[in-house]
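Now for the letters of each chain:
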Amino acid sequence: MYSRDATVTAVLRFYRSIIRHPYLNANNLILPPPDGWPSIALVHKNTTVLDLLRHLPYLRPEKQYEELTIQWECIPICYPDLLDYKREDFEKSYGLPLLPSHCVYLARAGSYLNTSLILDTDTGNVIEYSVMGNDITTSNEEYEKLPLDERWKVHRATPVEVFFEGWIRRFDGLVWMLIPNPVEQPVSGRFYSRAENRREEEMLLTGEELEERIGQDEERETDEFASEQRLVGRRQREHVTVS
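Report on the accompanying structure. What you are looking at is a predicted structure, and each value in this text was computed from that prediction instead of being measured.

1. Points about the overall build of the chain
The helix and strand tally for the chain stands at 8 helices and 9 strands. Across the 243 residues in the chain, those meeting the buried criterion constitute 42%. For the chain, long-range pairs separated by at least 24 residues make up 55% of all intrachain contacts whose partners lie at least 6 apart in sequence. Total accessible area on the chain stands at roughly 14100 Å², and carbon and sulfur atoms take up 51% of it.

2. A look at the side chain of asparagine 181
You can see asparagine 181 is positioned in the loop between strand 8 (176–180) and strand 9 (189–193). Since its relative accessible area comes to 7%, asparagine 181 is described here as buried. A distance of 3.2 Å separates polar atoms of two side chains, one belonging to asparagine 181 and the other to arginine 190. Setting aside its immediate chain neighbours within four residues, asparagine 181 contacts Val187, Ser188, Gly189 and Arg190.

3. As for helix 6 (residues 160–172)
Between its terminal C-alpha atoms helix 6 stretches 18 Å, which fits the 18 Å expected from 13 residues at 1.5 Å a residue. Taken as a whole, helix 6 has its buried residues at Val160, Phe163, Phe164, Gly166, Trp167, Ile168, Arg170 and Phe171. One or two positions beyond helix 6, positive phi appears at leucine 174, with a value near 60 degrees.

4. Things to note about the packing of aromatic side chains
Using the criterion set out here, one finds 15 aromatic pairs in the structure. The interplanar angle of 65 degrees and the centroid separation of 6.2 Å between the aromatic rings of tyrosine 58 and tyrosine 79 together place this pair among those described as edge-to-face. Pair noted here: tyrosine 58 is in strand 2 (residues 58–59) and tyrosine 79 is in the loop between strand 3 (74–76) and helix 3 (84–88), with a separation of 21 residues, a long-range link. Using a relative accessible area of 2% as the deciding quantity, one classes tyrosine 58 as buried. The buried category is assigned to tyrosine 79, whose relative accessible area is 2%.

Here is what the cut-offs are and how they apply
- Residues numbered from 1 in each chain as written.
- Predicted model: local features only at pLDDT ≥ 70, side-chain atom pairs only at ≥ 80, totals over all residues.
- Heavy atoms only, no water.
- Helix = DSSP H or I, 4+ residues; strand = E, 2+ residues; numbered from the N terminus.
- Buried < 20%, exposed > 50% of the residue type's maximum accessible area, 1.4 Å probe, protein only.
- Contact = heavy atoms within 4.5 Å.
- Areas by Shrake-Rupley, 256 points an atom, 1.4 Å probe, with all protein chains shown as cover.
- Polar contact = N/O pair within 3.5 Å; in protein donor to acceptor, adjacent residues only side chain to side chain.
- Expected span 1.5 Å × (residues − 1).
- Phe/Tyr/Trp six-rings, centres within 6.5 Å; stacked < 30°, edge-to-face > 60°.

What follows is the structure, given as C-alpha cells:
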C-alpha cells in the first residue's frame with residue numbers, strides 16, 4: 001500500500017546511509033522546505049506523484065554536468081533541478097519507457113546495461129527496470145512479445161520500505177561499495193559488489209559464506225593434523241626399527 005510519508009522516510013533513510021560512504025557527502029543531500037519544493041511541475045503526472053516529488057529529499061551534484069550514482073550507473077533524479085524541456089517530456093529526453101501518470105522514475109539507468117528505479121504510487125512498490133530484461137517475473141518468450149513500453153511492468157516489484165532497507169543492508173554490510181571515480185565519467189562514482197548475484201549477496205549478509213569458509217578451513221586443518229600425526233607415527237616406527 002502506498003504512503004507518501006513512508007516513501008519519503010524510506011528514501012531519506014537510504015540517502016542518509018550512502019552519504020556516509022567516501023563517495024558522497026552531506027552537501028549532496030538536499031531536504032524539502034516545510035511546504036515542499038515549489039518548482040516541481042512535471043507534466044503527465046497525477047496529483048499523488050506531484051505531491052510526493054514535492055516532499056522527497058534529493059541528491060544534488062556539486063559540479064555542473066556531474067552525474068551521481070547510487071548503484072551501478074543508477075543515476076538518482078533531482079527533480080527540483082530539472083530543466084523545463086525535461087519536465088515536459090522527461091521519459092523521452094532520456095530514452096526511457098513512457099510511464100502512466102501514477103508512476104515516476106526515482107533513478108534512471110546510465111546505459112542499457114543498468115537499472116532504473118520506478119515508483120508505482122498505486123501499489124507503493126519500487127520496480128527495478130532494465131533494458132536487458134534482468135529480474136523479470138515472466139518467461140523470456142512472453143517478455144519478448146510485450147511492446148517495449150510495457151516491459152517495465154513485469155520486472156521485479158518490491159514494497160518501497162523493504163526495497164530501500166535491502167539496499168541499506170548491502171551498503172552497511174559492505175557487500176556493496178561506492179567510491180569516487182577519478183575520471184568522473186560517465187558518472188562520478190564507482191560501484192563495487194563483493195557478490196556475483198543475489199544469492200551471494202544474501203550469503204554475505206547472513207554470514208553463511210563465512211560459516212562455509214570456516215567449516216572448510218577447519219576440515220582442512222583436521223586433515224593436515226591427521227596427516228602430520230601419521231607422519232610422526234611413521235617416523236617413530238622408523239626410528240624404533242633402526243635402533
